[in-house]
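# Results of the structural survey
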Amino acid sequence: MSTDSEYSFFESVGKSFDKAASYTKWDDGLLEQIKACNAVYRMRFPVKMDDGTISVIEAYRVQHSQHKSPCKGGIRFSTEVNQDEVMALAALMTYKCAIVNVPFGGAKGGIKINPRALSPYELEKITRRYTSELVKKNFIGPGIDVPAPDYGTGEREMAWIVDTYTSLKPGEIDGLGSVTGKPITQGGVRGRKEATGLGVFFGVREVCHIPALMSKVGLSIGLAGKKVVVQGLGNVGYHSAKYFREKGGSIVIAIAEYEGAIYNPHGLNEQEVFEHRKSTGSILNFPGATNLENSNDALELECDILIPAALENVINKSNADRIKAKIIGEAANGPCTPEADEVFMKKNILCVPDMYLNAGGVTVSYFEWLKNLSHVRYGRMEKRFTENLNSHILGQIETLTGKVVSEQERNFIMNGPNEIDLVHSGLEETMITATHEIVDCWKNNPSIPDMRTAAYVVAINKVATSYAELGIFP
Ligand code: NAD
């Protein structure tokens with residue numbers, strides 16, 4: 001993404017880190033160690049394309065921190081991939097995991113390709129070769145580094161990765177835990193696909209229920225009726241829009257894609273927009289909506305909540321002062337530059353930061369990894385037991401009171417949890433706890449300027465505590 005920022009993406013992350021570090025009391029050397037990327041693996045490998053030519057592929061895997069093992073982070077396929085970007089995203093993963101109490105270090109991977117311009121077979125060969133390069137250098141494994149999907153990748157690529165890994169490491173009992181975001185039939189967990197968007201929803205919903213924050217931005221409590229703009233109708237944007245509309249009762253007034261944006265003040269249904277885009281090849285000309293030929297104009301619409309869910313640096317020095325949203329929920333990684341943050345401060349816009357808000361994916365990845373290590377589906381052991389117990393308790397209550405519980409209540413009370421219930425509930429708990437840890441940190445230190453800095457302070461304190469307690473080897 002082109003930007004007028006004077007800083008690279010990694011420098012931007014470092015700048016936010018330094019700003020936050022000044023609100024902590026840790027040793028400068030320790031802070032420098034936390035900020036640095038521990039290992040950067042830049043690779044080039046040849047792949048034979050469908051037409052018989054050989055392409056040299058540029059790819060990266062960066063492990064930012066090993067204060068907890070394994071490291072964790074997605075793999076993106078994009079022509080924009082470069083070392084600086086992968087390093088920045090790996091650093092954000094460290095802080096993200098710390099904030100949501102997921103016991104992993106941060107990592108990230110990227111392959112510099114345009115997945116839309118390649119055939120499935122070419123993509124499979126590139127993904128498998130990349131995985132084998134990671135295996136050769138001991139850069140992947142359930143206890144070492146566990147990739148996941150990101151921009152341009154999904155379940156299909158994760159299945160190729162786990163198949164390559166387990167083929168190269170036969171007999172490794174925990175091999176399925178070498179990558180997350182897999183299809184459910186290949187060791188994936190129910191709820192992973194929608195996790196990041198659902199987490200964005202839970203996080204913003206919690207923020208919107210904190211009276212002090214809402215009075216600060218001049219909004220009423222709750223999400224119902226709030227006008228939402230979403231940029232990007234991919235995995236994260238689609239699910240964010242879905243939950244804001246379905247669970248929050250919000251009105252999604254605009255959706256932006258790279259070819260343009262559409263606007264309807266009465267609300268858009270993300271599923272219908274998705275179907276329209278699939279059948280026509282473009283988001284534009286959606287029935288009942290107005291076209292915005294310049295996609296970025298959607299970011300500047302009058303709305304309550306803006307959800308950038310596509311790329312980094314989309315809100316920067318050049319457009320920040322035209323943003324009219326009261327709350328920005330950073331669903332994408334790094335969508336706002338530090339210069340934009342300065343503008344938000346002046347305009348009293350509440351920016352809910354990426355590294356915590358979009359942690360739903362890594363949180364559910366953590367649940368998937370735990371499932372893979374335990375070799376059992378969530379709910380398998382307790383669902384029937386809970387249902388039998390609840391049925392017995394209900395029966396006793398009815399006998400003792402002489403009253404009968406309604407059919408609807410009976411079904412609700414009796415229900416033993418299945419995997420999706422437990423995953424969604426674990427995610428909800430994680431996002432609520434993280435929101436309050438950040439907001440409490442901010443409240444306890446009112447000189448902290450914004451929520452991003454408060455989130456960084458929480459992350460730095462947790463990572464630094466880890467280093468301080470473990471000591472430095474040798
Ligand atoms: P995705 O590939 O599924 O979707 C991205 C969408 O953005 C695509 O539909 C693409 O067409 C659109 N897009 C591209 N350029 C655009 C532009 N200039 N304007 C508007 N739309 C544009 O990717 P995703 O998984 O949804 O990831 C989106 C962002 O969320 C990335 O920043 C990623 O790092 C971050 N993220 C993803 C996850 C996850 O679980 N998938 C987790 C955390 C963070």
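Residues numbered from 1 in each chain as written. Predicted model: local features only at pLDDT ≥ 70, side-chain atom pairs only at ≥ 80, totals over all residues. Heavy atoms only, no water.

## Points about the pattern of salt bridges
Counted according to the given criterion, the structure contains 30 salt bridges. Measuring nitrogen to oxygen at the nearest pair gives 3.0 Å for the salt bridge that ties arginine 190 to glutamate 419. Of the two residues, arginine 190 sits in the loop between α5 (155-168) and α6 (195-207) while glutamate 419 sits in helix α15 (residues 419-444), which places them 229 residues apart along the sequence. Overall, arginine 190 belongs to the partly exposed group, its relative accessible area being 30%. Judged by relative accessible area, which is 2%, glutamate 419 ranks as buried. Among the ionic contacts, a cluster of salt bridges with common partners joins Arg76, Glu85, Lys108, Asp150 and Glu312. (Salt bridge = Lys/Arg side-chain N within 4 Å of Asp/Glu carboxyl O. Helix = DSSP H or I, 4+ residues; strand = E, 2+ residues; numbered from the N terminus. Buried < 20%, exposed > 50% of the residue type's maximum accessible area, 1.4 Å probe, protein only.)

## Here's the deal with the site of the ligand
Contacts to the ligand come from 24 residues, most closely from Arg76, Asp150, Thr196, Glu257 and Asn333. The separation between an oxygen atom of the ligand and a polar main-chain atom of glycine 234 is 3.4 Å. Asparagine 333 is positioned with one of its side-chain polar atoms (N or O) 2.8 Å from an oxygen atom of the ligand. Bound to the protein, the ligand loses 88% of the 830 Å² it would expose on its own. Only α8 (235-246) and β7 (251-257) provide two or more residues apiece to the shell around the ligand. (Near = heavy atom within 4 Å. Polar contact = N/O pair within 3.5 Å; in protein donor to acceptor, adjacent residues only side chain to side chain. Areas by Shrake-Rupley, 256 points an atom, 1.4 Å probe, with all protein chains shown as cover.)

## Observations regarding the side chain of threonine 453
Residue position: threonine 453 is located in helix α16 (residues 451-470). For threonine 453, a relative accessible area of 3% translates into the label buried. Reaching out from threonine 453, the side chain makes a polar contact with the side chain of aspartate 450 at a distance of 2.4 Å.

## Concerning the packing of aromatic side chains
Counted by the stated rule, this structure contains 11 aromatic pairs. Geometrically, the ring pair formed by tyrosine 366 and phenylalanine 367 is tilted, given 6.0 Å between the ring centres and 40 degrees between the ring planes. The exposure class assigned to tyrosine 366 is buried, which follows from its relative accessible area of 19%. Put simply, the rings of Phe104, Tyr366, Phe367 and Trp369 touch in pairs and so form one group of aromatic residues. Across the ring face of tyrosine 243, the terminal group of lysine 242 is positioned such that the distance to the ring centre comes to 5.8 Å. (Phe/Tyr/Trp six-rings, centres within 6.5 Å; stacked < 30°, edge-to-face > 60°. Lys NZ or Arg CZ within 6 Å of the ring centre and 35° of its normal.)

Function-wise, these values are silent; they only describe arrangement.
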